[in-house]
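The primary structure of each chain is shown beneath.
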Amino acid sequence: MPLVKKSDYEAPMLLRNRHLMTIYPTLFRRVKPAAYERKRITTVDGDFLDLDCCSRGSDRVVLILHGLEGDAGRKYVLGMVQIFHAAGFDTVSMNFRGCSGEPNRQLRFYHSGETGDLDVVVHHLAALGKYSAIHLVGFSLGGNVTLKYLGERGDQLHPMVKSAVAVSVPCDLVTSSTELAKPHNSIYMNRFIRSLGRKLALKQQQYPGAIDMSGYEEIKNFQQFDDRYTAPLHGFPNALEYWTRCSSLGFLHRINVPTLLINAKDDPFLSKECYPYDIAATHPYLYLETPEKGGHVGFVGFRDYYYWTEKRALEFTQSCR
């Protein structure tokens, strides 16, 4: 049965607190840099996507999607790149629009439900003519994009996409946004709002008059941010409509390739709705694993260079040939 009854992840004794588990990798994990080769591809609307590639001549490639305000250089991405590269896979780490160190060209950028750019990259990799299989790995926002993409495409998914792993995914954006707005998550929320504000300031320079930054310092949560910026910039009437239409939870039932969703039960970002036990219990392809501990994109391990999620993702992907 796809519902994994008991996970084998064991958190270190010193990191049983969900916030410590979440923050520790960002501050203290040491990861070797990846031997990336950057390739830029053009989108149908005249924008660009920067792909950071590690090739070893494999006919299998793992496409990795980062989280909100991340990029291909984040430690959790690098760890995943290295374990798959060592196991014989090529990897491509996709930077969402505006996340590669250079502002994208269009007024729009990226959001939790934007799957068109992922589809562009999948078809780009398929058209190269050197791969027989594409496997997806997504973290947090990138995990929601991954799951929504698989469900949206359903039977029309490119046949080269063979599997997916999604880690720490806010499957229900409505309730997870409420969770993130709680006081215990203020350290994360403040960081996200500041980072997004810097990108909006650059957009304001690119498109004078299109973005109003007045009073930005009063924005304290995603409800305010998405109502004012994300929703109108991407064609939604308001934040609630954006969250409702872009939550991957409503698309899970249409996934038809083996897919592993890993959400720790102590993840500070996730609401109870982000643990789709009922769906996974009867789903032929969705494997749901919910370790007791792990935080948000944490899953720290002190005994090995690779973290548990990296070893688990490799194990699952290798089983999906």
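It should be emphasised that the depicted structure is a prediction, and the values quoted were computed from it without experimental measurement.

Colleague: Mind laying out the packing of aromatic side chains, listing which residues take part and the relevant values?
Modeller: If you walk through the whole model with that rule in mind, you get 19 aromatic pairs. Measuring from centroid to centroid gives 5.6 Å for Tyr9 and Phe299, while their planes differ by 70 degrees, and the two rings are edge-to-face. With Tyr9 in the segment before helix H1 (18-28) and Phe299 in the loop between strand S8 (286-289) and helix H10 (308-318), this residue pair connects regions lying 290 residues apart in the sequence. A relative accessible area of 10% places Tyr9 in the buried class. The class of Phe299 is buried, set by a relative accessible area of 0%. Their ring planes at 90 degrees and their centres at 5.2 Å tell us that Phe84 and Phe89 sit as a pair that is edge-to-face. The pair formed by Phe84 and Phe89 is uniform in burial state, with each residue classed as buried.

Colleague: So what's going on with the layout of surface pockets? Which residues, and what values?
Modeller: A water-sized probe, rolled over the atoms, reveals where empty space remains. Considering only enclosed or pocket space, the largest pocket measures out at about 690 Å³ in volume. Lining the largest pocket are 29 residues, and of these Thr22, Thr26, Arg74, Tyr76 and Arg191 lie nearest its centre. Contributions of two or more residues to the lining of the largest pocket are made by H1, helix H2 (75-86), helix H6 (186-206) and H10. Looking at the lining of the largest pocket element by element, the count peaks at six residues for H6. Its residues assigned to classes, the lining of the largest pocket shows 14 nonpolar, eight polar and seven charged. Here the second largest pocket defines a volume of roughly 350 Å³. Forming the boundary of the second largest pocket are 15 residues, of which Glu10, Val300, Gly301, Phe302 and Arg303 lie nearest the centre. By residue class, the composition of the lining of the second largest pocket is eight nonpolar, one polar and six charged.

Colleague: Before we move on, could you go through the pairing of strand S5 (residues 133-139) and cite the residues and values that matter?
Modeller: The element S5 is extensively covered by neighbouring structure, given that seven of its seven residues are classed as buried. The alternating pattern of S5 places Ala133, His135, Val137 and Phe139 on one face and Ile134, Leu136 and Gly138 on the opposite face, and all of these are buried. Pairing analysis gives six bridges linking strand S3 (residues 60-65) to S5, with the strands arranged parallel. Its bridge partner being in S5, Leu63 is matched across the sheet by Leu136. Pairing of S5 with strand S6 (residues 161-167), which is carried by six bridges, proceeds in the parallel orientation. Note on S6: the bridge partner recorded for Val137 is Val165. Running through helix H4 (residues 141-153), the crossover from S5 to the neighbouring parallel element S6 is right-handed.

Colleague: Which residues make up the nonpolar core, and what values go with them?
Modeller: Leu63, Ile134, Leu136, Leu150, Leu200, Tyr216 and Tyr229 are the most contacted members of the largest nonpolar core, which has 67 residues in total. In terms of nonpolar packing, the next biggest core, distinct from the first, is built from 33 residues, Met21, Tyr76, Phe89 and Phe139 among them.

Colleague: Outline empty space enclosed by the protein, listing residues and values.
Modeller: For the structure shown, the criterion picks out one cavity of 30 Å³ or more. The volume enclosed by the largest cavity comes to roughly 320 Å³. Forming the boundary of the largest cavity are 23 residues, of which Leu68, Ser112, Leu141, Phe222 and Tyr242 lie nearest the centre. If you list the elements that add at least two residues to the lining of the largest cavity, you get H4, helix H5 (173-180), H6, helix H7 (222-233) and helix H8 (239-246). Grouping the amino acids of the lining of the largest cavity by side-chain chemistry returns 14 nonpolar, eight polar and one charged.

Colleague: Provide a residue-level description of the pattern of salt bridges, including the pertinent values.
Modeller: Per the counting criterion, the structure on display carries 24 salt bridges. Here Arg153 and Glu152 are joined by a salt bridge, their closest N and O atoms 2.9 Å apart. Linked through salt bridges whose partners overlap, the residues forming this network are Asp45, Asp47, Arg97, Arg108, Glu114 and Asp117.

Quick notes on the rules
- Residues numbered from 1 in each chain as written.
- Predicted model: local features only at pLDDT ≥ 70, side-chain atom pairs only at ≥ 80, totals over all residues.
- Heavy atoms only, no water.
- Phe/Tyr/Trp six-rings, centres within 6.5 Å; stacked < 30°, edge-to-face > 60°.
- Helix = DSSP H or I, 4+ residues; strand = E, 2+ residues; numbered from the N terminus.
- Buried < 20%, exposed > 50% of the residue type's maximum accessible area, 1.4 Å probe, protein only.
- 1 Å grid on protein atoms, 1.4 Å probe; cavity = no way out; pocket = protein on both sides within 12 Å on 5 of 7 lines; lining within 4 Å.
- Points joined across faces, edges and corners; volume = space filled by probe spheres on them.
- Nonpolar A, V, L, I, M, F, W, Y, C, P; charged D, E, K, R; others polar.
- Pairing = 2+ DSSP bridges.
- Right-handed = clockwise from strand over helix to strand, strands pointing away.
- Core = buried A, V, L, I, M, F, W, Y, C linked by side-chain atoms within 4.5 Å.
- Salt bridge = Lys/Arg side-chain N within 4 Å of Asp/Glu carboxyl O.

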